[in-house]
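# An overview of the molecular structure
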Amino acid sequence: MNRKRIAVTGGLGYIGSHTVVALHEAGYTPVIVDDLRNSNADVLERLGGICGAPLEYYAADCGDVQALAALFDTPLHGAIHFAADKSVGESVSSPEKYFANNLGAMARWVEALRLHRVAHVVFSSSCTVYGEPSSLPVDESAPMQDATSPYGYTKQAGEQLLRYAHAAAQSANHGSSSPAFGVVLLRYFNPIGAHPSAQIGELPLGTPANLVPYLTQAAAGLRSELVVFGNDYPTADGTCVRDYLHVCDLAEAHVAALQHLERKPGDLDVFNLGSGDGHSVLEVIRSFETATGTTVPHRFGPRRAGDVVAVYATADKAAKILNWRTKRSLDQALEDAWRWQKSLK
Ligand code: UFG
């Protein structure tokens, strides 16, 4: 089989590692670029175990193109760009770090991709680009709002960088037979869960900022209780509503995006990736308790600064054009998150 090499920057991180598995299952050859700044070297070995063979790996910052010279010696069919810092709170206190890593390094990486004529590029963006949407569910035509954090700004700017790079490639390519430069921007809603093998999952460093890792740590007794940030929002039960999707579903969407670019070389498009359903924080707690039979100690606390009240997707465009939709339920995601948490003890 002619296996196609796909560079996965941030391939040892949470969503990246699950995407490496999905690429392997779909017959691609994932090549990991990850400098371990926010991931663990064990993940490489675990991925080799799941995929049945060691994976090609570069321990480098994706912006360090000199260190990555050998990566381009064999042609790359595509690249999926995950590598980024992702803490909203940290980005507020260290904006320079977010601009340098999420945009500076990304710009050098995209330049290298164009130089080496990599034809298919998929970018990890976020529903954060929509801010507080004026109507729900939110579709891809909803206007971007002013970013509420440097992190959110870097996602908007990363999308824009790829739009400009795509336009530059189109005009440079005009009339030439070299491969087109296609780009898919993927706006994730809230990925949760873990691979059902419990070999890979989310490894938050320090105190988790996100709901599900905090919830599973509280259920495991590693945290005294989960604090629900606000119960006076204008929602059915007063807690915020989000669109949670299983990380394995999200990983498969990246394969669908690559396949789309293979069908339409040189395309530029953007897709929401969500389940299409909104769930409140209390619903997530109740679903976890029912699915796992484990109690989550929790109490209500004040609202968290910067939280939007409710955001959930319409993922109809991804269903129609990428032939992708979520297959796994909220309960399944929470069961897998729990299995992963228990494996960490
Ligand atoms: N929550 C709690 N307690 C916690 C943690 C979270 O009640 O200890 C609540 C939040 O207030 C929110 C919901 O759980 O209502 C989900 O919070 P997360 O932090 O898990 O996720 P967010 O929706 O805030 O953030 C996610 C991504 C960000 C991205 C953002 C865009 O983690 O990277 O969506 O909306 F920027």
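Small disclaimer: the values here were computed from a predicted structure and weren't measured.

Our next topic: the overall build of the protein. Helix and strand content of the protein: ten helices and 13 strands. Computed over its C-alpha atoms, the radius of gyration of the protein comes to 20 Å, within 12% of the 20 Å expected for a compact globule of 345 residues. Along the first, second and third principal axes, the C-alpha set of the protein runs to 60 × 45 × 40 Å. Burial analysis of the protein (345 residues in total) assigns 53% to the buried set. Residue pairs in contact within the protein that sit at least 24 positions apart in sequence constitute 81% of those at least 6 positions apart. For the protein, the accessible area works out to roughly 14900 Å², and carbon and sulfur atoms hold 50% of it. Between the mean site of the 29 positive side-chain charges and the mean site of the 36 negative ones, the protein shows a separation of 3 Å.

Looking at the ligand, there are 19 residues lining it, with Asn 210, Leu 211, Val 227, Arg 242 and Asp 307 nearest. With respect to the ligand, the backbone of Leu 211 contributes an N or O atom lying 2.8 Å from an oxygen atom. Taking Arg 242, its side chain carries an N or O atom lying 2.7 Å from an oxygen atom of the ligand. Within the complex, the protein chains bury 88% of what would otherwise be the 690 Å² of accessible surface of the ligand. Element by element, the count of residues in the shell around the ligand is highest for strand E8 (residues 226-229), at four residues. Tallied by class, the residues present in the shell around the ligand amount to twelve nonpolar, four polar and three charged.

Right, let's get into helix H2 (residues 42-51). Among all positions in H2, only Val 43, Leu 47, Gly 48 and Cys 51 are buried. Along H2, the residues classed as buried sweep out an arc of 145 degrees about the axis, all on the same side. The outward face of H2, more than 90 degrees from its buried face, is lined by the exposed residues Glu 45 and Gly 49. For H2, the elements touching its buried residues are helix H1 (14-25) and strand E2 (29-33). The first or second residue beyond H2 is Gly 52, which carries a positive phi of 85 degrees.

As a further point, take the pairing of strand E11 (residues 268-273). Two faces, one strand: in a regular strand the side chains alternate between the faces of the sheet. The element E11 is largely enclosed, with a buried count of five among its six residues. Taken together, the six bridges between strand E6 (residues 182-188) and E11 define a ladder with parallel strand orientation. Note that in E11 the partner of Arg 187 across the bridge is Asn 272.

So, how was this worked out
Residues numbered from 1 in each chain as written. Predicted model: local features only at pLDDT ≥ 70, side-chain atom pairs only at ≥ 80, totals over all residues. Heavy atoms only, no water. Helix = DSSP H or I, 4+ residues; strand = E, 2+ residues; numbered from the N terminus. Rg over C-alpha atoms; globule rule 2.2 N^0.38 Å. Buried < 20%, exposed > 50% of the residue type's maximum accessible area, 1.4 Å probe, protein only. Contact = heavy atoms within 4.5 Å. Areas by Shrake-Rupley, 256 points an atom, 1.4 Å probe, with all protein chains shown as cover. Lys, Arg positive; Asp, Glu negative; His and termini not counted. Charge placed at Lys NZ, Arg CZ, Asp CG, Glu CD. Near = heavy atom within 4 Å. Polar contact = N/O pair within 3.5 Å; in protein donor to acceptor, adjacent residues only side chain to side chain. Nonpolar A, V, L, I, M, F, W, Y, C, P; charged D, E, K, R; others polar. Arc of directions from axis to C-beta. Pairing = 2+ DSSP bridges.

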